[in-house]
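Observations on chain architecture
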There are 2 protein chains.
Amino acid sequence: MESRTSLEIIARMESEFPGKFGIPRQSGLVEALKSTLVFEPPFRNPDALRGIEGFSHLWLIWGFHEAKREHWSATVRPPRLGGNERLGVFATRSPFRPNPLGLSCVKLEGVELQSPRGPLLRLSGADLMDGTPIYDIKPYIPYADCRPEAAEGYAVRPGRLEVEIPPELLNQIPPDCLEALRGVLSCDPRPHYQADPDRVYGMTFAGLEVKFTVEEGILRVQAVEKA
Amino acid sequence: MESRTSLEIIARMESEFPGKFGIPRQSGLVEALKSTLVFEPPFRNPDALRGIEGFSHLWLIWGFHEAKREHWSATVRPPRLGGNERLGVFATRSPFRPNPLGLSCVKLEGVELQSPRGPLLRLSGADLMDGTPIYDIKPYIPYADCRPEAAEGYAVRPGRLEVEIPPELLNQIPPDCLEALRGVLSCDPRPHYQADPDRVYGMTFAGLEVKFTVEEGILRVQAVEKA
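Reference entry: report on the structure contained in this document. (Residues numbered from 1 in each chain as written. Chains lettered and ligands numbered in written order. Predicted model: local features only at pLDDT ≥ 70, side-chain atom pairs only at ≥ 80, totals over all residues. Heavy atoms only, no water.)

For chain A, the count of helices and strands is three helices and 13 strands. Against the globule reference of 17 Å for 227 residues, chain A gives a C-alpha radius of gyration of 19 Å, in line with a compact fold. Its C-alpha atoms give chain A principal-axis dimensions of about 55 × 45 × 35 Å. Here chain A holds 227 residues, and the buried ones make up 55% of them. A separation of at least 24 residues holds for 68% of the contacts in chain A among residues at least 6 apart in sequence. (Helix = DSSP H or I, 4+ residues; strand = E, 2+ residues; numbered from the N terminus. Rg over C-alpha atoms; globule rule 2.2 N^0.38 Å. Buried < 20%, exposed > 50% of the residue type's maximum accessible area, 1.4 Å probe, protein only. Contact = heavy atoms within 4.5 Å.)

Here it is, written out as structure tokens:
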């Protein structure tokens, strides 16, 4: 029996994250985060989306294209556990898995059937980097996919940081991306929960280079520049 | 940029369904349905499962290995809509998709770290055929994956048939698979919701060939034989 199968990229994500840094660690954490799914030329067929508008949420199966490694490792250190504890790769959603597939539940905000680039899906809540290759789109079916009784293991809903943006920096941020930026920052984009209050972190989001510090649960934006 | 990626089979399912007929149309519909996930030799590493027992539910990303077609079609006719209405393939969980990937939420009943065939995952509620290739296993993370607010579109929870098994046939069914068989039959295994009350359908489950008829919401088992 064949042991390999080959996947074709059907679409790509357009999001406000040019790099991995700052992307929320799961989908759905920041609803204000908008993105667009653009089909690849062979898949620009509005018929393939007929009826999709009846669903409010979709599954995306996508590729960790920036996190590929030649070999997989049986254990990984999830950032959620401070980066010190090792867990089995199948007990995590780590990118470093035997098959580098990601799974995200996103909200479907709108369907644009005709655009110069073919049909577009307007999404929110996605945790995906700009350019992420998409392999499949499926409707979220509540009776099968929504399991309120599920045990969360170590993956408890993450706490939020309070976000402070000084008034003089607010006018550097386009109003239509302020809420999303606040949401992203509140998810604590620091790597591995570092705890140095003097360290200045930088994140690129929506064409802005945002610098911030974190102290005692409060994230303070220190500078905002055009990226 | 590369437009294809290749997946390796990491495991296979062992289930009571030798064929497609009778498999519930989504996972989770029949909790009594037990199955076992057996890793392929290169992936028989107990470390890769460390911590997985903290989760009650898992995602499986798997391959529609019996339903491959050379070409994908933009629209499909979901059995749920009687097989008459055409919907876009991305508005369905149909097997006939550009990339033949399936997605199922299953319950993790137990982890056996050491067996002659390496580590095993004992599962329930899976909607998978025996031998189904598995590409990825991920923990179900309630805060990201459970969306009670999601709109169900046409995919409402399916109704159930009442199941009648005559007493003289009951002793042909091993007691430990009776509940699962009842569950599977109650999901209405008929293709395309055919409505001929005289037609006898057959289904193979757990080594049994089960014949039945359906009339006015009641499924009557007519014969049970060793398959």
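Bringing the nonpolar core into the picture now. The biggest cluster of nonpolar side chains holds 60 residues, and the ones touching the most others in it are Leu-37, Leu-60, Leu-121, Ile-134 and Ile-137 of chain A together with Phe-205 of chain B. In this structure, Ile-134 of chain A is in contact with Glu-8, Ile-9, Ile-10, Ala-11, Arg-12, Met-13, Leu-37, Leu-60, Ile-61, Trp-62 and Leu-128 of chain A, ignoring residues within four places of it in sequence. By size, the runner-up hydrophobic cluster in this structure holds 59 residues, among which are Phe-17, Leu-29 and Leu-161 of chain A together with Trp-62 of chain B. (Core = buried A, V, L, I, M, F, W, Y, C linked by side-chain atoms within 4.5 Å.)

On to the sheet that holds strand E9 (residues 133–139) of chain B. All names here are of chain B. With antiparallel pairing, the six strands of this closed barrel are ordered in space as E2-E3-E8-E7-E4-E9. Averaged over all pairs of adjacent strands, the angle between their axes in this sheet comes to 45°, without regard to strand direction. In this sheet, strand E8 (residues 120–124) lies alongside strand E7 (residues 101–112) in antiparallel orientation, the contact comprising five bridges. Following the sheet pairing, Leu-108 is matched in E8 by Leu-123. (Pairing = 2+ DSSP bridges. Axes fitted to C-alpha atoms, helices over the stretch in contact; angles between N-to-C directions.)

Right, let's get into the packing of aromatic side chains. Enumeration according to the criterion identifies 17 aromatic pairs over all chains in this entry. Each ring, one from Phe-17 of chain B and one from Phe-205 of chain B, has its centre 5.2 Å from the other, and the planes form 55°; the classification is tilted. Of the two residues, Phe-17 of chain B sits in the loop between strand E2 (11–14) and strand E3 (34–39) while Phe-205 of chain B sits in strand E11 (residues 201–205), which places them 188 residues apart along the sequence. Just as Phe-17 of chain B is buried, Phe-205 of chain B falls in that class too. Taken together, the aromatic side chains of Phe-39 and Phe-43 of chain A together with Trp-72 and Phe-90 of chain B make up a single cluster linked through ring pairs. (Phe/Tyr/Trp six-rings, centres within 6.5 Å; stacked < 30°, edge-to-face > 60°.)

All right, on to the environment of Pro-167 of chain B then. Mapped onto the elements, Pro-167 of chain B comes out in helix H2 (residues 167–170). Its relative accessible area of 65% is what places Pro-167 of chain B among the exposed residues.

Many structure descriptions define interface size as the accessible area lost when the parts assemble. Taken residue by residue, the interface counts 76 residues in chain A and 76 residues in chain B. Summed over both sides, the interface between chain A and chain B buries roughly 7100 Å², with carbon and sulfur atoms accounting for 59% of that surface. Broken down residue by residue, the surface that chain A buries against chain B is led by Phe-90, Tyr-143 and Arg-147 of chain A, which jointly contribute 13%. Summed over the shared surface of chain A and chain B, the result is four salt bridges. With a closest N to O distance of 2.8 Å, Asp-136 of chain A and Arg-97 of chain B form a salt bridge. Counting the contacts that link chain A with chain B gives 34 residue pairs in polar contact (both at pLDDT 80 or more). Those elements that provide at least two residues to the side of chain A that touches chain B are strand E1 (4–8), strand E4 (57–63), strand E6 (87–88), strand E7 (101–112), strand E9 (133–139) and helix H1 (142–145) of chain A. With five bridges connecting them, E1 of chain A and strand E1 (residues 4–8) of chain B associate as antiparallel partners. Across the sheet, the residue bridging to Ser-6 of chain A is Ser-6 of chain B, located in E1 of chain B. (Buried area = accessible area lost by both parts, 1.4 Å probe. Salt bridge = Lys/Arg side-chain N within 4 Å of Asp/Glu carboxyl O. Polar contact = N/O pair within 3.5 Å; in protein donor to acceptor, adjacent residues only side chain to side chain.)

When chain A is fitted to chain B, the residual RMSD is 0.0 Å, and the transformation amounts to a turn of 180° plus an axial shift of 0.0 Å. Between the two chains, the operation in question is that of a two-fold axis. Most of the interface of chain A is mirrored in chain B, where 100% of its interface residues again form contacts. (Least-squares fit on C-alpha atoms with pLDDT ≥ 70 in both.)

This next bit is on unusual backbone geometry. Unusually for a residue other than glycine, Ala-206 of chain A sits at a positive phi of about 50°. Relative to the elements of secondary structure, Ala-206 of chain A occurs in the loop between strand E11 (201–205) and strand E12 (208–215).

Looking now at a negative patch on the surface. Residue and element names in this part refer to chain A. A cluster of acidic residues, Asp-196, Asp-198, Glu-215 and Glu-216, forms a negative patch on the protein surface. Inspection of the secondary structure puts Glu-215 in strand E12. What makes Glu-215 partly exposed here is its relative accessible area of 39%. (Patch = residues over 30% accessible without salt bridge, like charges linked within 9 Å, V, L, I, M, F, W, Y side chains within 5 Å. Areas by Shrake-Rupley, 256 points an atom, 1.4 Å probe, with all protein chains shown as cover. Lys, Arg positive; Asp, Glu negative; His and termini not counted. Charge placed at Lys NZ, Arg CZ, Asp CG, Glu CD.)

Working definition: the strands of a sheet are paired by backbone hydrogen bonds and lie parallel or antiparallel to each other. Residue and element names in this part refer to chain A. Ordered in space as E10-E13-E12-E11, the four strands form an open sheet in which the pairing is mixed. A strand with exactly one partner marks an edge of an open sheet, and here the two such strands are strand E10 (162–164) and E11. With direction set aside, neighbouring strand axes in the sheet form an average angle of 35°. In the sheet, E10 pairs with strand E13 (residues 218–226) via three bridges, with the strands oriented parallel. The residue bridging Val-163 from the neighbouring strand is Leu-219, located in E13. Contacts from helix H3 (residues 178–186) reach E10, E11, E12 and E13, with the element oriented near 140° to E11.

On to the pairing of E7 of chain B. Remember that side chains alternate between the two faces of the sheet whenever the strand is regular. Sheet analysis places strand E4 (residues 57–63) of chain B next to E7 of chain B, joined by seven bridges and oriented antiparallel. Counted as the bridge partner of Trp-59 of chain B is Cys-105 of chain B from E7 of chain B.

Further remarks concern the environment of Ala-155 of chain B. Positionally, Ala-155 of chain B belongs in the loop between helix H1 (142–145) and strand E10 (162–164). Distance from Ala-155 of chain B to Leu-87 of chain B, taken between C-alpha atoms, is 12 Å for residues 68 residues apart in sequence.

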